[in-house]
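Single-letter residue listing:
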Amino acid sequence: MMKAALVGCSNPLKAAYRPVVDQLVKILEDRGLEVVVSQFLTDDTLIGRGEKRARELESFFLDPEMAHIFDISGGDLANTVLGHLDLDQIKDSQAVFYGYSDLTTILTALAKNGNQAVNFQLRNCLVNKDLLKSGYFDRLLAGKEAAKELDELEVTFVRGSKMAGPVYGGNLRCLLKLAGTPYWPDFTGSILLLEAYRGQPELVASLLEQCRETGIFNQISGVLLGTFSELDKLKESQLPEEILLDLLPTNLPIAKTEFIGHRPDAKAIRLGQECAFKEVGV
């Protein structure tokens, strides 16, 4: 029997969250998977916690029966695990790692390492039942269907009409934690994916400027914007695209989608994998 693991490499979950974990276990067991739950999901000890979680995560990657590893956490602490993770040891693992938000740090490092890394939050299946009823989640687990699902991601172009390349990025704030570290990928020819949960206009403007200062805007083939939750609440949803129109080279395409970010209807996107988007009719 193939296995799936539930882990939390970012902020620990509250003990009261256990019923949610049980529901997620059932979703996976209903699909014929043997589920292993991390012993550290509710461990709020900061000292040594990152290293312990890294060793456990490595054991999941090295288990030949492990097919899927779902991180169901978020917050600030994922890079404290990444710093202890032996990427060389797990390079050949066939397990797929799923997560979003703060897990952008680990997802990006895994994608650069050649591992399978998917920007997707399993907890969405509890809120958005259509992910299960439509068969979307089952096709995602099948793996070979995932590329097809990516092609079906609905996007709207702000500038240009098509873009292609490997996808890197995720949460804007968390991606920039990797700047200047060995985990920062080569963005040459890639599609830069950006979304955010927290962030007033001034913070978003500052972080996008930091992206420019890293030089990646001169390397990428395009930008795909997901949702920016706090800006949406402030009725400032258009701000990231307006800033990027000013910061990016004038020939660089920009697209946006409602289906990547901190929303229950968010879909999956594989990092480090070739993807192509084009305007309808092109």
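Residues numbered from 1 in each chain as written. Predicted model: local features only at pLDDT ≥ 70, side-chain atom pairs only at ≥ 80, totals over all residues. Heavy atoms only, no water.

Topic: the UniProt feature "domain: LD-carboxypeptidase C-terminal" (unreviewed entry) in the chain
Applied cut-off: UniProt positions are given in the numbering used here, feature names are shortened, and annotations may be inferred rather than shown by experiment. Only DSSP runs of H or I covering at least 4 residues are called helices, and only runs of E covering at least 2 are called strands; the numbering of each starts at the N terminus.
Sequence positions flagged by UniProt for "domain: LD-carboxypeptidase C-terminal" (unreviewed entry) are, in local numbering, residues 165-275. Measuring from the first to the last C-alpha atom of residues 165-275 gives 6 Å, for a span that is 29% helix and 25% strand.

Observations regarding the sheet that holds strand 12 (residues 274-278)
Pairing between the strands of a sheet comes from backbone hydrogen bonds, and it takes one of two forms, parallel or antiparallel. Put simply, the rule reads: Pairing between strands is defined by DSSP: at least two bridges between them are needed. Fitted lines through C-alpha atoms give the axes, limited to the stretch in contact for helices. The angle between two N-to-C directions lies from 0 to 180 degrees.
Strand order in the open sheet formed by six strands is 6-10-9-8-7-12, and the pairing between neighbours is mixed. The open sheet has two edge strands with one neighbour each: strand 6 (156-159) and strand 12. In this sheet, adjacent strand axes meet at a mean angle of 35° when their direction is disregarded. Across three bridges, the pairing between strand 9 (residues 222-228) and strand 10 (residues 254-256) is parallel. Note that in strand 10 the partner of Leu225 across the bridge is Lys256.

Describing the pairing of strand 2 (residues 34-37)
The criterion, for reference: Crossovers are described as right-handed under a simple rule: with the strands pointing away from the observer, the path leading from the first strand over the helix to the second runs clockwise.
Of the strand pairs in this sheet, strand 1 (residues 3-7) and strand 2 are connected by four bridges, and their pairing is parallel. Bridge assignment links Ala4 to a residue of strand 2, and that residue is Val35. In this region the chain leaves strand 1, passes through helix 1 (residues 18-29) and returns to the parallel neighbour strand 2; the handedness of that crossover is right-handed.

Section: helix 1
Let me state the cut-off plainly: One less than the residue count of a helix, multiplied by 1.5 Å, gives the span that helix is expected to have. Burial status follows relative accessibility: with a 1.4 Å probe on protein chains alone, a residue under 20% of its type maximum counts as buried, one over 50% as exposed, and anything between as partly exposed. What the arc measures is the spread of directions leading from the helix axis to the C-beta atoms. Contacts are residue-level and defined by heavy atoms, with any inter-residue pair within 4.5 Å sufficient.
In this model, helix 1 (twelve residues) spans 16 Å end to end at C-alpha, consistent with the 16 Å of a helix rising 1.5 Å per residue. Regarding helix 1, the residues found buried are Val21, Leu24, Val25, Ile27 and Leu28. Taken end-on, helix 1 shows its buried residues confined to a sector of 160°, consistent with a single buried face. Turning to helix 1, the residues buried within the fold contact strand 1, strand 2, strand 3 (66-71), helix 6 (124-127), helix 7 (130-133) and helix 8 (136-142).

Quick notes on the nonpolar core
Stated formally: In this description, a nonpolar core means a group of buried Ala, Val, Leu, Ile, Met, Phe, Trp, Tyr and Cys residues linked to one another through side-chain atoms lying within 4.5 Å.
In terms of nonpolar packing, the biggest core is built from 68 residues, with Ile69, Phe97 and Phe277 touching the most fellow members. The contacts of Ile69, once residues within four sequence positions are left out, are Ala5, Val7, Leu57, Phe60, Phe61, Ala95, Val96, Phe97 and Tyr98. Residues Val21, Val25, Val118 and Leu126 belong to the second largest nonpolar core, which totals 27 residues.

Some points on the pattern of salt bridges
When the charged atoms of two side chains with opposite charge come close together, those side chains can pair. The line we're drawing: Here, a salt bridge means any Lys or Arg side-chain nitrogen found within 4 Å of an Asp or Glu carboxyl oxygen.
In the structure shown here, the tally under the stated rule is 14 salt bridges. The salt bridge involving Arg55 is made with Glu58; its shortest N-O contact spans 2.7 Å. Placement of the pair is Arg55 and Glu58 together in helix 2 (residues 49-62), with a separation of three residues, close to one helical turn. On the accessibility criterion, Glu58 (6% relative accessible area) is buried. For the salt bridge of Glu209 with Arg212, the shortest nitrogen-to-oxygen distance reads 2.6 Å. Highlighted residues: Glu209 and Arg212, both in helix 11 (residues 201-214), separated by three residues, approximately one helical turn. Classification of Glu209 as partly exposed rests on a relative accessible area of 22%. One salt-bridge network, held together by shared partners, links Lys3, Asp63 and Glu65.

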